[in-house]
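Each chain is listed here by its residues.
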Amino acid sequence: MASAAASAASRQRTSNIKAYTKRITEHGKRKQWQEAMETFRSMQINGVTPNLITYNALITACEKSWQYEQAVAVFDTMQLHGVEPDIVTYSALICACGRSKQ
């Protein structure tokens, strides 16, 4: 019984992460980096821990809005929280800096 409850809780956490990440991605597509950041903050306030995909979506949202400083700040934050960057992370970060000629 306890494992069924743990499994249900795990599925709920995964569902919450996906929902927040989807909203961040949608804001990014509309070049709404501030709304993406607010969604990210709301996620944390509500106790949902961002994963690599969430951080990548947020860095990409910043990149699409030409906010390289914000992208770098998100990158620094993800590393402070022990989330290892991947090729998607580095690609978005390089694009953000390139757009801003940094």
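A few points on the structure. (Residues numbered from 1 in each chain as written. Predicted model: local features only at pLDDT ≥ 70, side-chain atom pairs only at ≥ 80, totals over all residues. Heavy atoms only, no water.)

## Focus on the packing of helix α3 (residues 52–64) against helix α4 (residues 68–80)
In step 1: Remark: α3 packs on α4, axes separated minimally by 8 Å, with the N-to-C direction vectors making an angle of 165°. Between α3 and α4, the crossing angle belongs to the class labelled roughly antiparallel. Seen from above, α3 lies across α4 with left-handed handedness. Contacts from Leu52, Tyr55, Leu58, Ile59 and Cys62 of α3 reach α4 at Gln70, Ala71, Val74, Phe75, Thr77 and Met78.
In step 2: Residues belonging to the contact of α3 with α4 are distributed by class as follows: 9 nonpolar, 2 polar and no charged. (Axes fitted to C-alpha atoms, helices over the stretch in contact; angles between N-to-C directions. Helix = DSSP H or I, 4+ residues; strand = E, 2+ residues; numbered from the N terminus. Parallel < 35°, antiparallel > 145°, perpendicular 65-115°, else oblique. Left-handed = near helix turned anticlockwise from the far one by under 90°. Contact = heavy atoms within 4.5 Å. Nonpolar A, V, L, I, M, F, W, Y, C, P; charged D, E, K, R; others polar.)

## Some points on helix α2 (residues 33–45)
In step 1: The end-to-end C-alpha distance of α2 is 18 Å, a good match for the 18 Å that 13 residues give at a rise of 1.5 Å each.
In step 2: With its phi angle positive at about 80°, glycine 47 sits one or two positions after the end of α2. (Expected span 1.5 Å × (residues − 1).)

## A look at the environment of serine 65
In step 1: Take serine 65: it is sitting in the loop between α3 and α4.
In step 2: The sequence separation of serine 65 and glutamine 34 amounts to 31 residues, and the corresponding C-alpha distance is 9.3 Å.
In step 3: Contact partners of serine 65, with chain neighbours within four places excluded, come to Lys31, Gln32 and Trp33.

## Here we look at the environment of isoleucine 24
In step 1: Note on placement: isoleucine 24 falls in helix α1 (residues 2–29).
In step 2: By relative accessible area, isoleucine 24 is classed as buried at 0%.
In step 3: When the C-alpha atoms of isoleucine 24 and phenylalanine 40 are compared, they prove to be 7.1 Å apart, with 16 residues separating the residues in sequence.
In step 4: Sequence-distant contacts of isoleucine 24, that is, excluding residues within four places in its chain, are made with Ala36, Thr39, Phe40, Thr54, Ala57, Leu58 and Ala61. (Buried < 20%, exposed > 50% of the residue type's maximum accessible area, 1.4 Å probe, protein only.)

## Details of the pattern of salt bridges
In step 1: In total, this model carries 2 salt bridges according to the counting rule given.
In step 2: Among the salt bridges present, the one from glutamate 26 reaches lysine 29, with a minimum N-O distance of 3.6 Å. Taken together, the residues span about one helical turn, with glutamate 26 and lysine 29 both in helix α1 at a distance of 3 residues.
In step 3: Residue glutamate 26 is classed as partly exposed on the basis of its relative accessible area of 29%.
In step 4: With a shortest N-O distance of 3.3 Å, glutamate 38 and arginine 41 are connected by a salt bridge. (Salt bridge = Lys/Arg side-chain N within 4 Å of Asp/Glu carboxyl O.)

## Side note on the packing of α2 against α3
In step 1: Between α2 and α3, whose axes approach to 8 Å, the crossing angle comes to 155°. The pairing of α2 with α3 is recorded here as roughly antiparallel in orientation. In the crossing of α2 with α3, the sense of the turn from one axis to the other is left-handed. For the pair α2 and α3, contact is made by Trp33, Ala36, Met37, Phe40, Met43 and Gln44 and by Thr54, Tyr55, Leu58, Ala61 and Cys62, respectively.
In step 2: Across the contact of α2 with α3, the residue classes break down as 9 nonpolar, 2 polar and no charged.

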